[in-house]
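Notes for the structure review
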Amino acid sequence: MQTSHDLERKLASIDRRGYPAYKSLRGRYDFRDFVLSIDHVQGDPFAAPSRVSLMIPAEVAGFPSELSDAPHRCVALEDTLCRRFAAEAARASFKVGGSGKSGLIATSGPGPEVLARSACEVSPAGITMRLEVGFPAHGRTVDARALDTMLFELVPACAERSLLADTGALAAARAAVELADDQHAVRCALERLGLVAFVADGSILPRATGASSQPLAGALPFQAPESLSITLDLPHRGSVRGLAIRRGITLIVGGGYHGKSTLLQALQEGVYNHVAGDGRELAITDSSAFKLRAEDGRPVHATNIAPFITNLPDGRDTRAFTTADASGSTSQAASLVEAVEMSSRVLLIDEDTSATNFMVRDALMEEVVAAEQEPITPFVERVRALWEQAGVSSVIVVGSSGAFFPVADTVVQMDCYRAIDVTQRVDAVLAAHGMASAATAGAEGAVWEPPRPRRLALDLGRGASSQRGRSRGRSRGASRGHDDRRPAKLKVQGLDGFSVGEHTVDLRQVEQLVEGEQTAALARMVRLVLERGLLDGTRPLPQVVEMVFRAVEERGWQALDETGAPGCGLALPRPLELAVCLNRWR
Ligand code: ADP
Ligand code: MG
């Protein structure tokens, strides 16, 4: 390996030369306490910044190994280090000037979710911190002095202040790992006790605004009704009381603007862990929970929606339903079947974002439109069988219809942001109307036949294959024996979606993606699926998803980047969301 002196010399030798001379700096350099690796050099001062990584050996960083001895701890430690480095980088950024992105030092700026990110990886060997550095330019020439300042002073100072255990980082890391331990303990308790979710008393569920992830100031803290509360014993916080949502069918009812959707939203985001201060630290949901909603206009590829929809007017086969433009009800049916195909155990549904005709049909309507004329079997008629025969629970927000009362196990009312258990009242109302409740009725007659996982075939498409044979400068076969085409072009539009070559995926209605970094990772995952030809009609979709996640687990973020330098800017999505992408692409 070259040393920092080599880098200094090289740098001095290219001062004031044309900007592309920076390319010669690519490589790894031993800085004694860490290794600095220049992984990718930007083409010009206005291009995407250069990718640099720091590798700090574990014995230099000094974090006790128990802070990373379980996956949830490791992610919490990485998350803390990433946030600390990002804060230091923001201060050090643009200390040196120049054109374009000259002087930029940055890494991921995470939101409130604690996710595995390419920005920071901790292994037994040490910490890898990936950053973006805007190599400074005088006009369009190399500014060696300025880059010298950045790489030899500013970046090492950021690392020293944020990534070494003796700088306050240790206390921050311990606190984060302890919180992660508690969150992990809650997740284990969900499993052990047969719960869908736990929402601790004192949680702050609403956000400051619809567009903010900050907690709402002055919000009423959550408080579980006595009859639905449990107390968990967590390793660090000790006894924590909160709402236990049991598996089965749970309704959230209440007047408009009383906090129903806010509770459901907390549940759908409870699949992720949140940082201290977020308010939802101990609002934790089964990590396979899927927010099911109508998404008219979405494409559907050969999904079996027959449990809900048969006899379409155009005679189309709904056992392998394909459309470029689904309706509200067909889209929601398809999304449900696809979530169950991916082994989701919990559906989260809000009437605000559901197709009414997918959810219920009332008796008067049945008198007018005969069952044979109506292609839809509404969800209310399947939800019980889905639970009893397939083990899929549902949490449903309904303010407008009592149709779900007879199939519900538990009914929670939100009343002025307060949760009340109204299950017994609902049962009394049902009894008064001579109707049975779920406890007595069961899913008579209704059957849930699990649709078979699909073996989709999706081809690479012209967008990607037209790149064939255009690769320059990379030796034949370098990328594990593949032909020498370049990767398909990726375009990522924040949380809205992405394109791979000519294919696009619209994610605007997919609610459980929380960061653009997840979308960026998904785009690369889809590219991997396409380039490896994994979706060739021979494997069930869940298996394809599993193969991708296994590749990432085994090879790290490198698995998603053939250059070997993934850079910062990728965050791990759930397998469910990769399936969502593979099910929605055009
Ligand atoms: P619903 O779905 O019942 O119509 P929402 O969940 O959309 O109601 O909540 C309505 C409003 O009340 C939102 O602006 C939300 O931020 C606010 N809100 C929700 N929960 C609380 C709370 N615990 N304290 C204060 N405001 C809240
Ligand atoms: Mg609502």
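Along each chain, numbering runs from 1 in the same order as the chain's sequence is written. Each chain gets a letter, beginning with A, and each ligand a number, beginning with 1, in the order they are written. Per-residue local features of the predicted model are confined to residues with pLDDT of at least 70, and side-chain atom pairs are confined, for both listing and counting, to 80 or more; whole-chain, interface and lining totals are unaffected and use all residues. Side-chain metrics rest on all non-hydrogen atoms present in the structure, leaving aside hydrogens and water.

Looking only at helices and strands, one finds 16 helices and 26 strands in the protein chain. Over its C-alpha atoms the protein chain spans a radius of gyration of 27 Å, differing by no more than 12% from the 25 Å that the globule rule assigns to 586 residues. C-alpha extents for the protein chain along the principal axes are approximately 90 × 55 × 35 Å. In this scheme, a residue with accessible area under 20% of its type's maximum is buried, one over 50% is exposed, and one in between is partly exposed, where area comes from a 1.4 Å probe on protein chains only. Out of the 586 residues belonging to the protein chain, those deemed buried represent 54%. For the protein chain, the share of sequence-separated contacts (at least 6 apart) that also reach a separation of at least 24 residues comes to 71%. Here the open area of atoms and residues is found with the Shrake-Rupley method and a 1.4 Å probe, where only the protein chains shown may cover a residue. As displayed, the protein chain offers around 25000 Å² of accessible surface, 51% of which is attributable to carbon and sulfur atoms. Counting from the N terminus, the helices are the DSSP runs of H or I reaching at least four residues and the strands are the DSSP runs of E reaching at least two. This radius of gyration counts C-alpha atoms alone. The globule rule is 2.2 Å times how many residues there are, raised to the power 0.38. Here a residue-residue contact requires only that any non-hydrogen atoms of the pair lie within 4.5 Å.

Time to look at unusual backbone geometry. At Phe94, a residue that is not glycine, the phi angle is positive and equals roughly 60 degrees. Within the secondary structure, Phe94 sits in the loop between helix H3 (71–92) and strand E5 (105–106). Unlike most non-glycine residues, Asn311 shows phi in positive territory, near 55 degrees. Along the chain, Asn311 turns up in the loop between strand E18 (300–303) and strand E19 (321–323). For Asn311, a relative accessible area of 56% gives the class exposed.

Lining the immediate environment of ligand 1, one finds 13 residues, of which Leu220, Tyr257, Lys260, Ser261 and Thr262 sit closest. Any pair of nitrogen or oxygen atoms within 3.5 Å is treated as a polar contact; in protein, a donor-acceptor pairing is required on top of that, and neighbouring residues in sequence qualify only through side-chain atoms on both sides. The contact in question runs from an oxygen atom of ligand 1 to an N or O atom on the backbone of Tyr257, over 2.6 Å. The backbone of Gly259 places a nitrogen or oxygen atom 3.1 Å from an oxygen atom of ligand 1. With the chains in place, 78% of the 560 Å² that ligand 1 exposes on its own is no longer accessible. Nonpolar residues are Ala, Val, Leu, Ile, Met, Phe, Trp, Tyr, Cys and Pro. Charged residues are Asp, Glu, Lys and Arg, and all others, Gly as well, are polar. Of the residues contributing to the shell around ligand 1, the split by class is six nonpolar, six polar and one charged. Nearness of a residue to a molecule or strand requires only that one of the residue's heavy atoms be within 4 Å of it.

Aromatic pairing here means that ring centres of Phe, Tyr or Trp (its six-membered ring) are within 6.5 Å. Orientation follows from the plane angle: under 30 degrees is stacked, over 60 is edge-to-face, and everything else is tilted. Taken as a whole, this structure holds eight aromatic pairs when the rule is applied. Where Tyr19 meets Tyr22, the ring centres are 5.0 Å apart and the plane angle is 85 degrees; that geometry is what we call edge-to-face. Each of the two residues, Tyr19 as well as Tyr22, counts as buried. Ring centres 5.8 Å apart and planes at 50 degrees place the aromatic pair Phe308 and Trp448 in the tilted group. With a gap of 140 residues between them, Phe308 in the loop between E18 and E19 and Trp448 in the loop between helix H12 (438–441) and helix H13 (461–465) connect regions that are remote in the sequence. Exposure class is identical for Phe308 and Trp448. Each is buried. Each member of the aromatic cluster is reached from another via a ring pair, and the members are Phe308, Phe358, Phe379, Phe404 and Trp448.

This part covers the domain arrangement of the protein chain. Those domain boundaries reflect an automatic or database domain assignment. When the domains of the protein chain are assigned, the result is domain 1 (2–165), domain 2 (290–441) and domain 3 (464–583). The distance between the C-alpha centroids of domain 1 and domain 2 comes to 50 Å.

Turning our eyes to something else, we now look at the pairing of strand E14 (residues 249–253). Two faces make up the sheet, and in a regular strand the side chains alternate between them. The buried count for E14 comes to five of five residues, which makes it a mostly enclosed element. Covered by surrounding structure in E14 are Ile249, Leu251 and Val253 together with Thr250 and Ile252, the residues of both alternating faces. Two elements, E14 and strand E22 (residues 410–415), share four bridges in a ladder whose sense is parallel. Looking across to E22, one finds that Leu251 is bridged to Val411. Any two strands are treated as partners once DSSP identifies two or more bridges connecting them.

Here the focus is the coordination of the magnesium ion (ligand 2). Coordination here is defined by N, O and S atoms within 2.8 Å of the metal (3.2 Å for Na, K and Ca), and since water is not considered, a site can look incomplete. The coordination sphere of the magnesium ion (ligand 2) contains the protein donors Ser261 (OG) and Asp352 (OD), at a distance range of 2.1 to 2.3 Å. Of the two residues, Ser261 is situated in helix H6 (residues 260–269) and Asp352 in the loop between strand E20 (346–350) and helix H8 (356–359); the sequence distance between them amounts to 91 residues. Ser261 sits in the partly exposed class, given a relative accessible area of 23%. Asp352 gets classed as exposed once you look at its relative accessible area, which sits at 57%.

Okay, the nonpolar core next. By size, the foremost hydrophobic cluster in this structure holds 81 residues, and its most contacted members are Leu336, Phe379, Ile396 and Phe404. Ranked by residue count, the leading element in this core is helix H14 (residues 516–531), at nine residues. Counting the residues that make up this core, at least three belong to each of domain 2 (290–441) and domain 3 (464–583). Among all residues touching Ile396, those that are not within four sequence positions of it are Ile249, Thr250, Leu251, Ile252, Ile349, Met359, Phe379, Val383 and Phe404. The set of buried Ala, Val, Leu, Ile, Met, Phe, Trp, Tyr and Cys residues whose side-chain atoms join them within 4.5 Å is what this entry labels a nonpolar core. Counting residues in each nonpolar core, the second largest holds 56 residues, with Leu11, Ala21, Ala146 and Leu147 among its members.

Axis definition: a line fitted to C-alpha atoms, over the contacting stretch in the case of helices. Angles run 0 to 180 degrees between N-to-C directions. Where H3 meets helix H5 (residues 165–193), the closest approach of the two axes is 8 Å, and the angle between their N-to-C directions is 140 degrees. Taken together, the axes of H3 and H5 are oblique relative to one another. As for the relative orientation of H3 and H5, their crossing is right-handed in sense. Between H3, through His72, Arg73, Ala76, Leu77, Thr80 and Arg84, and H5, the contact on the second element is made entirely by Thr167, Gly168, Ala169, Ala172, Ala173, Ala176, Val177, Ala180, Asp181 and His184. Class assignment of the residues belonging to the contact of H3 with H5 gives a composition of eight nonpolar, five polar and three charged. Put simply, angles under 35 degrees are roughly parallel, angles over 145 are roughly antiparallel, angles from 65 to 115 are roughly perpendicular, and the rest are oblique. Each helix crossing is assigned a hand: it is left-handed if the near helix lies turned anticlockwise from the far helix by less than a right angle, otherwise right-handed if that turn is clockwise.

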